[in-house]
Structure formats: C-alpha cells, structure tokens
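Here is what each chain is made of, one letter per residue.
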Amino acid sequence: MTKNGSLILVINCGSSSLKFALFPAGEQTPLMSGLAECLGEADARITAKINDAKTTEQLNGQGHAAALDVLLRILAEHDWLTSVKAVGHRMVHGGEAFKASVVVNQAILAEIEAHNNLAPLHNPANLLGIRTALAKMPEIPQVVVFDTAFHQTMPPAAYLYALPMALYREHGVRRYGFHGTSHRFVAEEAVRLLKLDPEDHGLVIAHLGNGGSATAVLNGKSVDTTMGMTPLEGLVMGTRSGDVDPGALIHLARNAGWDINEMDNVLNKKSGLLGISELSNDMRAIEGAAAEGHDGAKKALDVFVHRLARHIGGLATSLPRLDAVVFTGGIGENSSTVRKLTIDRLHVFGIALDDAANEATIRGKSGVISKGKGPLAVVIPTNEEWMIARDAAELAGLVAAH
Ligand code: AMP
C-alpha cells in the first residue's frame with residue numbers, strides 16, 4: 001500500500017524546543033528521531049539520533065527556523081529529503097472544531113489560531129512549527145494531529161462542568177481531554193493484542209508520563225477522560241496537581257493574597273509528585289527515596305496511586321463491561337511498583353496481578369500482567385509519533401486509510 005519509499009516527518013514544536021522523527025510511510029520504527037532544545041537561548045542545540053548514534057550541533061542562540069534548516073540539511077545529507085512526502089504536526093488543543101486530523105490550509109490555520117486562548121502556552125508554539133515548516137517546504141502536505149480530537153466523542157454528561165451554561169457557550173468552558181493521540185494508539189493496540197472485538201470492548205487506559213491522564217474507551221471511542229478544559233485536571237502528575245477543590249484556591253486568594261499567576265505557577269510547576277515529596281517530580285527518584293524511607297516520597301507515591309485507582313474505578317462506570325486496564329507512558333511502561341500498588345487497589349473489579357509478569361514487562365515490552373478470570377491488566381508502550389505519521393500518510397494519500 002505504501003508508495004515506494006515515501007517518508008513522513010513528524011514535528012512536535014514547543015516554545016523553546018522542536019522534537020522530530022522520520023518514518024517510512026506505514027512503518028512504526030523511525031529512521032531518525034531527535035530534539036532541538038533551548039531554542040532562542042545561548043545553549044540552543046539540535047541532537048539527531050540515527051541507528052542509536054547521536055550527533056549534536058550547536059545552534060548559537062538561534063530559533064526554530066534555524067533548527068528546521070539544520071534538520072532539512074541532515075535529511076538531505078542522508079538522501080531522505082526528496083522522499084519526504086508529508087509532514088505531521090502535533091497540536092495540543094483543537095477545541096470542539098477539530099474532531100480528527102486535517103491537512104493544513106490558510107483557513108485551517110486561522111481556525112487553529114482562534115483556539116490559541118484555550119492553550120496559550122502550547123498552541124502558539126505548535127503553530128510556529130507549522131508555519132516554519134510551511135515556509136521551508138511549501139509543496140509538501142502538512143497535517144495537524146490534535147491531542148483533544150480523540151475525546152470529541154465524549155457525551156455531554158462526561159464533558160460538561162456543573163457551571164452556568166453561559167460559561168460553556170461564551171467561553172468554551174468544558175472538558176476536552178488530552179493525550180488523545182496516545183490513548184487512540186494504545187486502544188487500537190489493545191484490541192489487536194488482546195484479540196478483542198473492535199465493535200464490543202471496554203478499556204480504561206492510564207497514560208502515566210510526566211503528565212498523566214486516564215481514559216475510558218468504549219468500542220474504540222473515548223467516553224470519559226481525567227483531563228479537563230486544560231491538562232491540569234485529574235491525576236497527580238510530575239509537577240501538576242491534578243484535581244484540587246476550587247474552593248482551596250478561593251481560600252488562598254482571600255487569605256494568602258494569591259493572584260492568577262501564583263495559582264498558575266504553583267498548580268502547574270510546583271505541585272504533583274514534586275509538591276508532595278518536596279524532593280522530585282521524577283517517579284524513579286520518588287520510588288527510590290520511598291524505598292529508603294523518605295516520608296515525603298512515600299506520601300507522594302501513596303497519593304499518586306490512590307488518585308489513579310480512584311479515577312480508574314470512576315472511569316469504569318462509563319463502560320458496560322471492563323475488559324482491561326492498560327498502562328502506558330514512561331511510568332506505566334516501566335514502573336512495576338506503581339502498577340502493583342494500583343492493581344492491588346482494583347480488587348473490587350476482580351483484577352489480580354501476576355507478579356512475575358508485572359516485573360518482567362518493562363522497557364518497551366507489551367503484555368498481560370494479570371491472572372485469573374477478572375478483567376485484564378496490560379502494558380502497552382505508546383507511540384504517539386507514529387500515530388501522527390500514520391495520520392499524515394493517510395491524509396496525504398500515501399497509504400490506504402486503516
Ligand atoms: P514520559 O513523560 O512518558 O517520558 O515519562 C516520564 C516519567 O516516567 C518520569 O516520571 C520517569 O521517572 C518515569 N519513569 C521512566 N522510567 C521509569 C522506571 N524505570 N521506573 C519508574 N518510573 C520511570
């Protein structure tokens with residue numbers, strides 16, 4: 001189905017970074033991947049990884065356009081550039097307008113820009129990546145893949161907040177959900193791995209990385225998720241609080257003089273594992289310190305797992321049947337400890353851990369880690385970049401729609 005030798009470039013552009021990967025159309029393993037970081041700062045640099053060999057080049061304070069120039073030069077040096085037939089871009093927020101990936105044109109760019117206020121930190125950076133790539137490769141189709149799109153199938157019962165409806169109508173205040181590209185990939189893989197009926201299955205997927213969210217998937221569609229209007233709601237994350245009583249913030253505004261910037265900073269950057277442990281935002285460090293008796297790390301792990309199990313239980317109520325709980329993301333794929341502590345709390349659903357399988361299923365392995373007759377517990381490594389590449393290849397007409 002692949003047009004001979006077509007390559008897809010995937011770009012995930014942040015405010016000072018640009019992640020990239022290059023996939024042969026229809027294949028899940030990249031030929032090259034890498035990261036340009038500290039863009040616009042003195043230490044700006046770009047690192048490309050080809051066959052496990054990394055090379056880094058300084059960008060001398062330059063920004064995104066220079067990073068893309070170097071990337072295109074690397075592609076040309078390997079004779080890949082002329083085979084690039086589509087570019088796939090990650091976009092954090094598509095609001096209600098984008099329910100699937102799209103090929104970029106001027107009208108689409110304007111529509112995306114109109115959503116900037118929903119994700120003021122991420123969307124403008126993502127857009128910068130698209131505009132820069134369009135300027136350098138005007139003849140190549142550019143496809144945008146939205147983190148929110150997969151969750152557009154949520155029913156109003158799951159996406160509405162119990163706030164005055166005018167706030168939804170006039171300001172778009174509702175739950176959108178994020179990590180949709182990862183949840184979509186993992187849901188498809190779970191159906192394949194577990195030989196489930198694509199038209200009749202129920203999953204809860206826990207994507208646990210530096211950011212984390214869990215999603216209920218019914219017959220391939222998202223029906224509820226833990227992140228909300230922004231990626232702040234829901235699970236405990238590396239530095240993000242997840243769920244907090246809004247009344248606590250009103251209290252802090254009244255009694256501690258907190259303003260919007262203070263709330264933003266503390267809830268997004270100083271909370272989560274870091275806030276509770278007063279040690280680290282990194283689960284490896286938390287687990288290590290907890291094992292040595294560090295009180296803050298133990299509490300951070302306890303709250304993380306408690307909240308996760310509670311949300312998995314809540315999400316299951318959106319499904320007629322729970323076939324499997326699936327773990328993915330850096331923590332979900334590697335932390336047998338978090339998985340064990342979480343599954344032990346899901347006793348009420350009849351899920352039982354297979355300790356040996358749990359310990360063995362790390363570092364990119366997928367498989368079932370439960371035993372007995374209850375719902376399965378499963379690990380499936382995510383591959384968001386490939387999902388973006390697949391959408392780009394399909395929308396550019398390089399491969400048949402899956
Ligand atoms: P991600 O954002 O998906 O790259 O995930 C990052 C998170 O995964 C960090 O909190 C890491 O500490 C965590 N992580 C990666 N490897 C391990 C591991 N072996 N054990 C526990 N946590 C891990």
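Structure first, text after, so check above.
This is a predicted model, so every value here is computed, not measured.

Trainee: Even after reading the chapter, I still don't get helix α10 (residues 283-291), so can you show me in this structure?
Mentor: Each full turn of the α-helix corresponds to 3.6 residues, which orients residues three or four apart in the same direction. Along α10, the residues that are buried comprise M283, I286, E287, A289 and A290. The secondary structure elements touched by the buried residues of α10 are α9 (272-277), α11 (295-316), α12 (329-334) and α13 (336-344). N-cap assignment for α10: the residue whose side-chain oxygen lies 2.9 Å from the backbone N of R284 is D282.

Trainee: Any chance you could explain the pattern of salt bridges here in plain terms?
Mentor: Here the idea is simple: oppositely charged side chains can pair when their charged atoms come close. Evaluated as defined, the whole model comprises 20 salt bridges. The closest approach of N and O atoms between E77 and R73, which form a salt bridge, is 2.9 Å. Taken together, the residues span about one helical turn, with E77 and R73 both in helix α1 (residues 64-77) at a distance of four residues. Classification of E77 by relative accessible area gives exposed; the value is 53%. Note on R73: relative accessible area 35%, which makes it partly exposed. Of the charged contacts in the structure, one is a salt bridge between R175 and E233, with a shortest N-O distance of 3.1 Å. In this pair, R175 sits in the loop between α5 (165-171) and α6 (180-194) while E233 sits in the loop between β11 (221-225) and α7 (246-255), placing the two residues 58 residues apart along the sequence. Owing to a relative accessible area of 22%, E233 belongs among the partly exposed residues under this scheme. Connected via shared salt-bridge partners are E37, D43 and R45.

Quick notes on the rules
- Residues numbered from 1 in each chain as written.
- Predicted model: local features only at pLDDT ≥ 70, side-chain atom pairs only at ≥ 80, totals over all residues.
- Heavy atoms only, no water.
- Buried < 20%, exposed > 50% of the residue type's maximum accessible area, 1.4 Å probe, protein only.
- Helix = DSSP H or I, 4+ residues; strand = E, 2+ residues; numbered from the N terminus.
- Contact = heavy atoms within 4.5 Å.
- Polar contact = N/O pair within 3.5 Å; in protein donor to acceptor, adjacent residues only side chain to side chain.
- Salt bridge = Lys/Arg side-chain N within 4 Å of Asp/Glu carboxyl O.

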